Amino acid sequence: MSEFEKLKIVTRYELLKQFRRKRFYGALVITVLAVVLTIGLYQGLDLPKRMGVPQNIIDQHGTELFAIFVTSMGSLAILGAVFFAGDAIASEFEHKTGYILFPNPVKRTTLVVGKYLACFIATAAILGVAYLISAGALLVFYRQVPVGILGSLAIALALACFAIGMAFAFSSVLKGGMGATIATLLAYMVIFPIVSSSLAYAGYNPWFMPDRAGDAMASTYGVSYENAFGGMMGGGPVMSGMAQASQNPTLSFFVLLTYAVVLFGISIRLTKRREMI
Amino acid sequence: MKETIVIDGLSKYYNGFLALDKLSLKVRENEDVALLGPNGAGKSTTLKLLCGLLYPSSGSMYINGVNVVEERERAISEVGVMLETPEFYPFLTPDETLGYLGRLRGMHGREMERRIREMIKLVGLEKWSKVRIEKFSRGMKQRLALAQALLHDPQILILDEPSLGLDPRGMVEFREIIKKAKKKKTILFASHLLTEAAKICNKVAIIDHGKLRFYDDMSRLKKKYRSLERAYLKLTEGAI
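About the cut-offs
Residues numbered from 1 in each chain as written. Chains lettered and ligands numbered in written order. Predicted model: local features only at pLDDT ≥ 70, side-chain atom pairs only at ≥ 80, totals over all residues. Helix = DSSP H or I, 4+ residues; strand = E, 2+ residues; numbered from the N terminus. Rg over C-alpha atoms; globule rule 2.2 N^0.38 Å. Contact = placed C-beta atoms within 7 Å. Core = buried A, V, L, I, M, F, W, Y, C linked by C-beta atoms within 7 Å. Buried ≥ 20, exposed ≤ 12 C-beta atoms within 10 Å, placed from the backbone. Pairing = 2+ DSSP bridges. Axes fitted to C-alpha atoms, helices over the stretch in contact; angles between N-to-C directions. pLDDT = per-residue confidence, 0-100. Left-handed = near helix turned anticlockwise from the far one by under 90°. Nonpolar A, V, L, I, M, F, W, Y, C, P; charged D, E, K, R; others polar.

## A look at the overall build of chain A
Across its full length, chain A holds 14 helices and zero strands. For chain A, whose C-alpha radius of gyration is 20 Å, the value lies close to the compact-globule estimate of 19 Å for 277 residues. Considering only C-alpha atoms, chain A reaches an extent of 65 × 45 × 30 Å along its principal axes. When contacts within chain A are restricted to residue pairs at least 6 apart in sequence, those whose partners lie at least 24 apart make up 82%.

## Describing the nonpolar core
Counting 146 residues, the largest nonpolar core has Ala-81, Leu-127, Ala-160, Ala-163, Ile-164 and Leu-256 of chain A together with Phe-189 of chain B as the members making the most contacts within it. Per-element tally for this core: the top contributor is helix α9 (residues 148–173) of chain A, with 17 residues. Ile-164 of chain A has contacts with Ala-81, Ala-85, Tyr-116, Cys-119, Phe-120 and Thr-123 of chain A, leaving out every residue within four places of it along the chain.

## Considerations on unusual backbone geometry
One non-glycine residue with positive phi stands out, namely Lys-96 of chain A, at about 65 degrees. As for its position among the elements, Lys-96 of chain A is in the loop between α6 (90–94) and α7 (98–101). If you check the backbone angles, Lys-22 of chain B has positive phi at about 50 degrees while not being a glycine. Considering the arrangement of structural elements, one finds Lys-22 of chain B in strand β2 (residues 17–28).

## A closer look at the pairing of strand β6 (residues 79–82) of chain B
Residue and element names in this part refer to chain B. Burial of β6 is two-sided: the residues Val-79 and Val-81 facing one way and the residues Gly-80 and Met-82 facing the other way are all buried. When β6 meets strand β7 (residues 156–160), the two strands line up parallel, connected through four bridges. Bridging from a neighbouring strand, Val-79 pairs with Ile-156 of β7.

## Describing the sheet that holds β6 of chain B
Residue and element names in this part refer to chain B. Here we have six strands laid out as an open sheet, ordered β6-β7-β8-β3-β9-β10, and mixed in their pairing. Looking along the sheet, the strands with just one partner apiece sit at the ends: β6 and β10 (211–217). This sheet shows a mean twist of 15 degrees between the axes of neighbouring strands, independent of strand direction. The pairing of strand β3 (residues 32–36) with strand β9 (residues 203–208) spans four bridges and is parallel. By the bridge assignment for β9, Ala-34 is matched with Val-204. In the packing of helix α8 (residues 218–225) onto the sheet, the strands contacted are β9 and β10, and the crossing angle to β10 comes to about 105 degrees.

## Structural notes on the confidence of the model for chain B
All names here are of chain B. With 99% of its residues at a pLDDT of at least 70, chain B reaches an overall mean of 91. No element of chain B has a lower mean pLDDT than helix α6 (residues 168–181), at 84, and none a higher one than helix α3 (residues 94–104), at 97. Interface scoring of the predicted complex returns ipTM 0.92; its pTM is 0.91.

## Concerning the packing of helix α2 (residues 22–45) of chain A against helix α4 (residues 55–70) of chain A
Residues and elements named next belong to chain A. Packing of α2 against α4 brings their axes to within 9 Å, and their N-to-C directions diverge by 145 degrees. For the pair α2 and α4, the sense of crossing is right-handed. Taken together, the residues of α4 that come into contact with α2 (itself represented by Val-35, Thr-38, Ile-39 and Tyr-42) are Phe-66, Phe-69 and Val-70. Grouping the constituent residues of the contact of α2 with α4 by class yields six nonpolar, one polar and no charged.

Here's what the structure looks like:
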């Protein structure tokens, strides 16, 4: 039997495991609530006006502004990814299931790739539901769905690839799944923003940082970020890096994929060398 | 008879601690060998090395002539393994678990289904085959571990404390299953239970502090030391 056949088997059963876990449905509920809340608050509070978005931008790009808000799925991509990926490798060692799985005629690389694919599919399912609700809301309120939503979804998926890769890298080296989950969340929510802010204060545009993926998603709708939201950013020389927030979404997409490939490669290498002590 | 398992000068360090010290051992086809020794003697380390779960510090291992370090997947393709206290994915049922492992071992279709039913019946889990493993006791997991080890009818069985957690009835049933299976299999069986080992295996290897102290037929050992218990106590003197 080829390794590809084994990969299909591993992915299928890993996916079954993901769909049997309560955390999948927990992530789904959180996602639906978050999207519905965002839509409700945007419409109920008339957010663009309150945020000081110029009226001409609202008139011209009302649909896109709404789309930017309701498809800002960066956090959801991260949340989904760490929910599913944090313990994917570490738990085989922590809970000793590796004693059953590893002594089989299958390469560890195949096992890690299968686990990765299953985590990605589970995360993509969550993101897919979020984008479907958003697209539905766009149709209801604006009678159209901007094509940029596809670009936004692509970047959200690339961010998920990156986050799963990072969670796998932590999961392949740390003892427990919880540690890998927390480490991934801390990296994304604390470490990367510190680096991004520092770069921005120093006058550099931190577009390549993973925590700026949300801006890349927003930029797929073709609305100038500076024009629409410039009033929120303070501007001035110390924030010049932050003020240049509009990003090239294609470039961001490929940068995120590059990060994902590198981190995934690291996790494969670490898992292959890890011993069941 | 050909040598099924060959361990040659195998050493293993854990962060500077020598767990296995140039161990050499040969197991011939259809032999059943009990690996005995006190806690920390190196029994589990030896079995984990053979399954490719650990990397040796030095030395080499071969299963059916295939180097375990260089070609792990090929080397263990004819091996059924039951190590330590087995744990399974709690969200899967025994049927699903055996289906997963069977497919990874190249089984499929009706033949695999028939074999799964056979193994489930053999270990007495018929009523539990569609229940998620999260509800299982330790003894039930032990039974399932034995089922997965025998599932693909492997030529070699590597068992580490396989009757741990079983009730007395389970131990007797387990012993009978192994006795039946061993007629056409090579067995390497690590245990603390001397009586259990004596009932199942014809050969015995006693290791202590990572070194092989004795390796011969059970009958010769009993002749030399009068009983397995006396031999064990004599050969592992001062352990721990």
